[in-house]
Amino acid sequence: MMVGSALRQVTRACFYLLSKASHISRGHQHQAWGSRPAASELAAQAAPGHMVELLGKSYPQDDHTNLTQKVLSRVGRNLHNQQHHPLWLIKERVKEHFYKQYVGRFGTPLFSVYDDLSPVVTTWQNFDSLLIPAHHPSRKKGDNYYLNRTHMLRAHTSAHQWDLLHAGLDAFLVVGDVYRRDQIDSQHYPVFHQLEAVRLFSKHELFAGIKDGESLQLFEQSSRSAHKQETHTMEAMKLVEFDLKQTLTRLVRHLFGDAGAQDRIGWAFGLGLERLAMILYDIPDIRLFWSEDERFLKQFRVSDINQKVKFQPLSKYPAVINDISFWLPSENYAENDFYDLVRTIGGDLVEKVDLIDKFEHPKTHKTSHCYRITYRHMERTLSQREVGQVHQAVQEAVVQLLGVEGRF
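A brief report on the enclosed structure follows.

What counts, and where the lines are drawn
- Residues numbered from 1 in each chain as written.
- Predicted model: local features only at pLDDT ≥ 70, side-chain atom pairs only at ≥ 80, totals over all residues.
- Heavy atoms only, no water.
- Axes fitted to C-alpha atoms, helices over the stretch in contact; angles between N-to-C directions.
- Helix = DSSP H or I, 4+ residues; strand = E, 2+ residues; numbered from the N terminus.
- Parallel < 35°, antiparallel > 145°, perpendicular 65-115°, else oblique.
- Left-handed = near helix turned anticlockwise from the far one by under 90°.
- Contact = heavy atoms within 4.5 Å.
- Nonpolar A, V, L, I, M, F, W, Y, C, P; charged D, E, K, R; others polar.
- Pairing = 2+ DSSP bridges.
- Buried < 20%, exposed > 50% of the residue type's maximum accessible area, 1.4 Å probe, protein only.
- Core = buried A, V, L, I, M, F, W, Y, C linked by side-chain atoms within 4.5 Å.
- Phe/Tyr/Trp six-rings, centres within 6.5 Å; stacked < 30°, edge-to-face > 60°.
- Lys NZ or Arg CZ within 6 Å of the ring centre and 35° of its normal.
- Expected span 1.5 Å × (residues − 1).

This brings us to the packing of helix α4 (residues 86–101) against helix α8 (residues 234–256). Where α4 meets α8, the axes come as close as 10 Å, and the angle between the chain directions of the two elements is 125°. Taken together, the axis directions place α4 and α8 in an arrangement best described as oblique. When the axes of α4 and α8 are compared, the crossing they make is right-handed. Contacts between α4 and α8 pair R93, V94, E96, H97, F98 and Q101 from the former with T247, R250, L251, H254 and L255 from the latter. Classifying every residue of the contact of α4 with α8 by side-chain character gives 4 nonpolar, 4 polar and 3 charged.

The strand order across the open sheet built from 4 strands is β10-β11-β9-β12, with neighbouring strands paired in antiparallel fashion. Looking at which strands have only one partner, the edges of the open sheet turn out to be β10 (350–360) and β12 (405–406). As paired elements, β10 and strand β11 (residues 367–375) share 9 bridges and run antiparallel to each other. Residue pairing across strands places E360 opposite T367, the latter belonging to β11. Each of β9 (320–327), β11 and β12 touches helix α12 (residues 384–402); the most contacted strand, β9, lies at about 15° to it.

Here the focus is the pairing of strand β1 (residues 51–54). Only one face of β1 is buried: it carries V52 and L54, and the other face, with M51 and E53, is open. If you look at the hairpin formed by β1 and strand β2 (residues 57–60), you'll find 2 residues sitting between the two strands, and L55 has a positive phi there, around 50°.

Let us now look at the nonpolar core. With 63 residues, the main nonpolar core has L54, F98, L153, F269, Y281, I283 and F289 as its most contacted residues. Considering each element in turn, this core owes the most residues, 8 residues, to α8. In contact with I283, other than residues within four places in its own chain, are P86, A277, M278, L288, F289, F296, F300 and F311. Formed by 26 residues, the second largest nonpolar core is a distinct cluster that contains L328, V350, I373 and A393.

Moving on, we come to the packing of aromatic side chains. Applying the stated criterion across every chain, the model contains 15 aromatic pairs. Among the aromatic residues, those joined into a ring-pair cluster are F326, Y333, F338, Y339 and Y371. If you follow R407 out to its NZ or CZ, it ends over the ring of W327, 4.6 Å from the centre.

Taking 1.5 Å of rise per residue, 12 residues should cover 16 Å, and helix α11 (residues 335–346) covers 16 Å from first to last C-alpha, within 8% of that figure. Counting buried positions over the 12 residues of α11 gives 10, a clear majority of the element. Turning to α11, its buried residues number three or more, namely N336, F338, Y339, D340, L341, V342, R343, T344, I345 and G346. Following α11 by one or two positions, G347 adopts a phi angle in the positive range, close to 55°.

This paragraph deals with the packing of α4 against helix α9 (residues 273–281). Here α4 crosses α9 at 100°, and the two axes come no closer than 9 Å. Between α4 and α9, the angle falls in the class roughly perpendicular. The residues of α9 that touch α4, namely those facing P86, L87, L89, I90 and R93, are L273, E274, L276, A277, L280 and Y281.

This next bit is on the sheet that holds strand β8 (residues 264–272). The mixed open sheet is built from 4 strands, whose spatial order is β3-β6-β7-β8. If you trace the sheet from one side to the other, it starts and ends with β3 (112–114) and β8, each paired once. Here the average twist between neighbouring strands, direction ignored, is 20°. Bridge analysis of strand β6 (residues 171–179) against strand β7 (residues 191–202) gives 9 bridges, and the strand direction is antiparallel. The residue of β7 that forms the bridge with A171 is R199.

Attention now moves to the environment of T150. Looking at where T150 falls in the secondary structure, it is placed in the loop between α5 (123–126) and β5 (151–153). On the accessibility criterion, T150 (44% relative accessible area) is partly exposed.

Okay, here's the thing in structure tokens:
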């Protein structure tokens, strides 16, 4: 794979200049698939007055709580820290690269690594510390997992930037599990893993070796506020942009082969570990990362983290497909609520969910959705009877919890 192509496909890196003074800091349970969870069990997840117990702490529930048992069962698994797991291999390869390529003045690694920070963060850490406005769409309940109005499961590792920068760190990697409500297919899962890198430069560091560098400035003469830093000079921006491109190019070559102080700015980028692993190891389905099947796990028990591994597919078991149609309620319907409900009941039996038809009644103007749910077990053949029980549970829950009118 060419380096330029890999860089575009893999990184999805967001490049942005950082300044400390800008305020930018910018479980493991299995459901018995033959049994159907009562809809009341799902609804209890958002019952005000109850508590969410998570990682040894209690959080009061309120009208923002939208966690499900499916997601809660994944918290604390920390796949990126499980030795010889494919996500651990990717993390260790990136760490090794940064440790070797970027060395400080005293021969120690320039970048420090944080891979065990709690996934529970405050909404201030996840949004406000990154200057995300109060009414920004990214804060929606439909896209995030909230414990309550003040605490949530982090949606990105950037939630830790402010704390680490204000602790005085200038170069660091953050690795961890992140949580987002999303569609259901082979590329998306409500829990995935990110690796984020941040580096800041002082004026001396950035312009060292540049002719007449002493006269160059990081910022133009413009105003600073609590919501916006000064404008970076063109010279500073070009040098930081070049350093980021060089850093990413070196990292991609390593993985794929040749294919707040007021006087600092810098760059940051984030990588999805699952996406990297799926490309590097030819893993076709994101659900496999949660598998405990020895046929999957033993393929990654290698003596050298840089050893090439090509995933050998397990037997492809047949899919069982069922459709579900319903009239939407007049308001407050969100597709991610439906996807979350299907995941909660069907678990990893659900391979994908597709919206295959949308219809508006000409007289009542009511809207109908028809979804096709593909069920496929990763390790055995499913029976139609087993899937029928799960699908019936989805039908019952979607009526009771989402207020739709069934067409089944």
